[in-house]
Structures are given as C-alpha cells and as structure tokens.
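# Summary of structural features
Spelled out from the first residue to the last, the chains are:
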Amino acid sequence: MFNVWVGDVEITRYIFAISVVALLPVQIFLCFKAKGRVIRIVPVIILSVLTFIYYFMGVISSGWDTLGYMLIASFTGSVLFLCGISWVFGQSSNISRKKRVIVNSDGNLEFI
C-alpha cells in the first residue's frame, strides 16, 4: 500500500491501529443505541462523501499534494470499512436478541 515515515518511525500502522481502537467501539455503540436508521447512516454518508472528495482531489492534484490526499482518502475509506464491520456486529447481535416463539404440546405459545 504505502508507508509514511517520520524520522525512523513508520506511522501508517499507528494511524490505522488508532482508528480501529478509537472508532470501531464508537460506531458499534452507535449501532446498538441509535434507534433511527437515519442516524445510523449519517457516518456512512459523511465518510463516503469525504472519501470520494479526497480521492478526486488526489487524482487531479500533482506533486506531494497527491500523496497527502490519497493518504487521507485511504484513511477515510478504512474508517468507512470499519462502519461496515460494526454494522455486521450490530446486526448479528440484534438477530440473536430477537425472541423466539415455540408452540408447546398443549398448543400454547411460549416465548424464549
């Protein structure tokens, strides 16, 4: 992919690790606590627009600006991917939390 060095330290791994550690729990919390679907989709809309804008700016720019825009576009794209992962976790827990109905031998309904 790409590497960004500051002195002797390669910071690309740290940026992605910090984004996973900080933003994945926040997005999972949002999926669990937000009741409206519109609120859940707001981060995806914002990150999609930002990723597209930064990618487009990276394509039309030249020189070192291209590297900066592509770095920011890949970061916002990875955070967008984390939103998708947190949605998968949120939906799988919602499916497992749904109550199941069983019909007894007496013909009565029993909720589990």
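These numbers come from a predicted model, not from an experiment. (Residues numbered from 1 in each chain as written. Predicted model: local features only at pLDDT ≥ 70, side-chain atom pairs only at ≥ 80, totals over all residues. Heavy atoms only, no water.)

A few words now on the overall build of the protein chain. Secondary structure summary: the protein chain contains three helices and four strands in total. Taken from the N to the C terminus, the helices and strands of the protein chain come in the order β-β-α-α-α-β-β. Put simply, the protein chain has 112 residues, and 23% of those count as buried. Relative to all contacts within the protein chain whose residues are 6 or more apart in sequence, the contacts with residues 24 or more apart total 50%. Entry remark: accessible area of the protein chain is about 8,300 Å², with carbon and sulfur atoms responsible for 70%. (Helix = DSSP H or I, 4+ residues; strand = E, 2+ residues; numbered from the N terminus. Buried < 20%, exposed > 50% of the residue type's maximum accessible area, 1.4 Å probe, protein only. Contact = heavy atoms within 4.5 Å. Areas by Shrake-Rupley, 256 points an atom, 1.4 Å probe, with all protein chains shown as cover.)

One pass over the full model with this rule turns up one aromatic pair. Here the aromatic rings of Phe52 and Phe56 are separated by 6.3 Å at their centres, their planes lie at 15°, and the arrangement is stacked. Here the residue Phe52 and the residue Phe56 both occupy positions in helix α2 (residues 37–60), the gap between them amounting to four residues, near one helical turn. For Phe52, a relative accessible area of 57% corresponds to the exposed category. (Phe/Tyr/Trp six-rings, centres within 6.5 Å; stacked < 30°, edge-to-face > 60°.)

Assignment of secondary structure puts Gly84 in helix α3 (residues 64–97). It is 9.8 Å that separates the C-alpha atoms of Gly84 and Leu24, two residues lying 60 residues apart in sequence.

In this section: α2. Relative to the 34 Å expected for 24 residues at 1.5 Å per residue, α2 spans 35 Å between its end C-alpha atoms, a close match to the ideal helical length. Those residues of α2 not exposed but buried are Arg40, Pro43, Val44, Leu47, Thr51 and Gly58. (Expected span 1.5 Å × (residues − 1).)

With respect to the helices, strands and loops of the structure, Val44 is situated in helix α2. Residues Val44 and Cys83 lie 39 residues apart in sequence; the distance between their C-alpha atoms is 6.9 Å. Discounting chain neighbours no more than four positions away, the residues touching Val44 are Leu80, Cys83 and Trp87.

A few words now on the confidence of the model for the protein chain. Across the protein chain, the average pLDDT comes to 75, with 73% of residues at 70 or higher. For the protein chain, the element scoring lowest by mean pLDDT is strand β4 (residues 109–111), at 61; α2 scores highest, at 84. (pLDDT = per-residue confidence, 0-100.)

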